[in-house]
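What follows is each chain in one-letter form.
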Amino acid sequence: MDVKTGSSDIIGLDGTLSSTQFFLSALSFSDNWKRFNPSLPPWIWVQFPKHRFISSHNKVFEGYLSLENMCFNNLTQEEESNRSSTSKEECNTSHGEEEEELFDYATLVQSNCNEVNHYDFHIVYSPSYRVPVLYFRACHSDGQPLSFDEIEKDLPGHSSKLLSESKWTFITNEEHPYLNRPWYKLHPCGTSDWMKLLFQNDTSLNKNGFVIEQYLVSWFSVIGQVVGLKIPLGMMDTNVANHS
Amino acid sequence: MSEAHKFVWEGSIPLQIHLHQSEITTLPPPPPALVLAPRIGYLPLLISLIKPHFSTTLPPGIDTIWFEYKGLPLKWYIPTGVLFDLLCMEPERPWNLTVHFRGYPSNLLLPCEGVDSIKWSFINSLKEAAYVINGNCKNVMNMSQPDQAELWHSVLSGNLESYRRVSSKLKLGTFEDEYAENINPVSTKSQQSTEETEVTGQLKTGRIPVRLYVWTVNKDFDDLEDAPQIDNWDKVSYINRPVEIHKDDGKYFSLNDAVRSLLPEFFPGSSFVDEEDASINRSTGEEEENTCDPMSSFQPLENAEIKLVRIQGIEPKLEIPFSWVVNNLMNPEYFLHICVCLKVSEAKALQ
């Protein structure tokens, strides 16, 4: 299936990528993210031997990208419009693991403030669809998982609308392919189609393997919006400029 | 479609279902319920058969049905036959399961909102299978509501005729069967025969949707009775990777080839891995040091051995052509579910 792995132009043709290409793209995406979003939690590549009993006998690219402990404020209706900027400012104050401790201390004081919800995002490669898939889960600051209704309130308006229209085919509760626990998943069946369109419109990109590195950035610029995460424009520009 | 397909659809497992003792509020405790569960079905669909046995003894509350086997909560979206093949090494008949109507372990199991959850889990799997086979899932997405309903009802009721009629519209075809004598589109009863030939003719990928359930043992056992029990889902590796049918030198692609290609970690000789390795060499620049060095030092794990392969309750010979297995033993959502037990020993230390 991955015969064409070496040549990058395949992405331009059908919008899919191989697991190796996913791994390469993930590294590049993670680097860029760190550079442009120093205040946000980083995307970290989690190598995951599917078979734990065998230590290092695995393919290196077996794994997923993980961004954990992103926090979203529970916004009221009026704040809805400037949601994404608010949530980013919120996160500026917190750094990775320390943040959880901070919130533990703050819980008592916080009770009459807006509640902060923590989100974990994983980008996992789907060998069936040959595209990245976004998995996520969410919990309150006390560690209790959010119900789907509560998550829906955190999603941007356009997503909750879509959600009410297609309950079973847009975001569903599914098992995380590596962790074997219930997570939420954005359905990937249309991904290759719109990725194809993204790259078709930009034929200049379609050379010498730049596309691979660009893939996840482009992908996330669309997918991230579904869950209210935006990519800084600079991240896309520089990525192209670096290579052209 | 073949006689084997018919056997798969008619296959069922006798269950003896006990209500968990924490949910028994009456004396004497209710007797267990005996139910025949279709292999291709899903456990929560049995609720209408089971509930009447226990409804009078349940404590107050809202029903959320789930099952366990020897303390292991059962994943409802895995077809019942696959659960049985995987968890009951030495087939136990009837299969003794415990049912719960309260206390859903939502940290472990996906929520199940009744039939709708199961239906959509099925449809989403079907979509995934269609994508693997055709490179898109338009035919499933564009299915008319009545067709979708008929397809699902055919699975619920085990109606193979009705299933064949509707599923043929999905144009997922059968896979090119190299050694089949029975694939003759004209003779099939289906009215879609011309479309089917069309599809077989334009098979682009040869990718087969497979769900592989692997568990490993490190001690040999002669008798299935002595096989270690799976008491935790973390012991099962669930691998959802398509199999690409390779045809080299006129040699057919066997079930053995398929299983090995899905487990490159254990059987590094497969061409699947070689291509990946080669490509990473070609396409990485600076990453090369990190990514390639550990791999080049890999030693083939010669002492991984396929101990058992079980599909639809049978243990086919590994030399059997994979295309036959797919065409005859796949589940209605077009996935082939394979249970594999591997024996792995650490550098022969245990022998």
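These figures come from a predicted structure and were not determined experimentally.

### Considering the overall build of chain A
Counting secondary structure elements, chain A contains nine helices and six strands. Burial status across chain A gives 38% buried among its 244 residues.

### Description of the pairing of strand S11 (residues 336-344) of chain B
Residue and element names in this part refer to chain B. For S11, the buried fraction is high: seven of the nine residues fall into the buried class. For strand S7 (residues 210-217) and S11, the ladder comprises eight bridges, and the chain directions are parallel. Across the sheet, residue Tyr213 finds its bridge partner in S11, namely Cys339. The sheet contact formed by strand S10 (residues 304-310) and S11 spans six bridges and is antiparallel. For Val309, the partnering residue across the bridge sits in S11 and is Val340.

### A word on the packing of helix H6 (residues 145-157) of chain B against helix H7 (residues 160-167) of chain B
To characterise two packed helices, one gives the angle between the axes of the helices and the distance between these axes. Residue and element names in this part refer to chain B. Between H6 and H7, the least distance of the axes is 8 Å, while the angle of their chain directions is 145°. Every pair of crossing elements has a handedness; the one defined by H6 and H7 is left-handed. Contact residues: H6 offers Asp147, Glu150, Leu151, Ser154 and Val155, while H7 offers Ser162, Tyr163, Val166 and Ser167. The residue makeup of the contact of H6 with H7, split by class, is four nonpolar, three polar and two charged.

### Points about the domain arrangement of chain B
Residues and elements named next belong to chain B. The domain architecture assigned to chain B consists of domain 1 (3-100), domain 2 (115-201) and domain 3 (207-344). Taken together, the nine residues of domain 1 in the interface contact seven residues of domain 2. Looking at the side of domain 1 that touches domain 2 residue by residue, the class counts come to eight nonpolar, no polar and one charged.

### A short note on the sheet that holds strand S1 (residues 12-19) of chain B
Residues and elements named next belong to chain B. The strand order across the open sheet formed by five strands is S2-S1-S5-S3-S4, and the pairing between neighbours is mixed. Edge strands, defined here as strands with exactly one partner in the open sheet, are strand S2 (33-38) and strand S4 (72-73). When S1 meets S2, the two strands line up antiparallel, connected through six bridges. Each bridged residue has a counterpart across the sheet, and for Gln16 the counterpart in S2 is Leu34. Those strands touched by helix H2 (residues 47-54) are S1, S2 and strand S5 (95-100), and its axis lies near 175° from that of S2. The strands touched by helix H3 (residues 80-87) within the sheet are S1, S2, strand S3 (66-69), S4 and S5, with S1 carrying the most contacts at an inclination of about 80°.

### Overview of the nonpolar core
Counting residues in each nonpolar core, the largest one holds 120 residues, and the members touching the most others are Phe136(A), Ala130(B), Leu336(B), Ile338(B) and Val340(B). Ignoring anything within four residues of it in the chain, the contact list for Leu336(B) reads Ile208(B), Pro209(B), Val210(B), Val325(B), Val326(B), Leu329(B) and Met330(B).

### A word on H7(B)
Every α-helix carries 3.6 residues per turn, so stepping three or four residues along brings you back to the same face. Residues and elements named next belong to chain B. Taken residue by residue, H7 has Tyr163, Val166 and Ser167 as its buried positions. Down the axis of H7, the smallest arc covering the buried residues is 90°, so these residues share one side. Where H7 is buried, its residues touch H6.

### A short note on the sheet that holds S11(B)
Hydrogen bonding along the main chain pairs the strands of a sheet, whether they run parallel or antiparallel. All names here are of chain B. Sheet architecture is open: four strands sit in the order S8-S7-S11-S10, paired in mixed fashion. Pairing within the sheet leaves two strands with one partner each, and these edge strands are strand S8 (237-239) and S10. Shown here is a sheet whose adjacent strand axes are inclined to one another by a mean of 25°, direction ignored. Those strands touched by H3 are S7, S10 and S11, and its axis lies near 10° from that of S11.

### Observations regarding the confidence of the model for chain B
All names here are of chain B. Looking at chain B as a whole, the pLDDT averages 82, with 79% of positions reaching at least 70. Contacts for the low-pLDDT stretch residues 180-205, under 50 throughout, to residues beyond four places or in other chains number 27 contacts. As scored by the predictor, the complex reaches a pTM of 0.81 and an ipTM of 0.81.

### Concerning the UniProt feature "domain: Autophagy protein ATG5 UblA" (unreviewed entry) in chain B
Following the UniProt record, the feature "domain: Autophagy protein ATG5 UblA" (unreviewed entry) maps to residues 8-101 of chain B here. Within the segment residues 8-101 of chain B, helix and strand shares are 20% and 28% respectively, and the terminal C-alpha atoms sit 30 Å apart.

### Topic: the environment of Ile123(B)
Residues and elements named next belong to chain B. In this fold, Ile123 is placed in helix H4 (residues 115-134). Overall, the presence of 19 C-beta atoms within 10 Å leaves Ile123 in the partly exposed class. Linking Ile123 and Glu315, residues 192 residues apart in sequence, is a C-alpha distance of 28 Å.

What counts, and where the lines are drawn
Residues numbered from 1 in each chain as written. Chains lettered and ligands numbered in written order. Predicted model: local features only at pLDDT ≥ 70, side-chain atom pairs only at ≥ 80, totals over all residues. Helix = DSSP H or I, 4+ residues; strand = E, 2+ residues; numbered from the N terminus. Buried ≥ 20, exposed ≤ 12 C-beta atoms within 10 Å, placed from the backbone. Pairing = 2+ DSSP bridges. Axes fitted to C-alpha atoms, helices over the stretch in contact; angles between N-to-C directions. Left-handed = near helix turned anticlockwise from the far one by under 90°. Contact = placed C-beta atoms within 7 Å. Nonpolar A, V, L, I, M, F, W, Y, C, P; charged D, E, K, R; others polar. Domains from an automatic or database assignment. Core = buried A, V, L, I, M, F, W, Y, C linked by C-beta atoms within 7 Å. Arc of directions from axis to C-beta. pLDDT = per-residue confidence, 0-100. UniProt positions renumbered as here; feature names shortened; annotations may be inferred.

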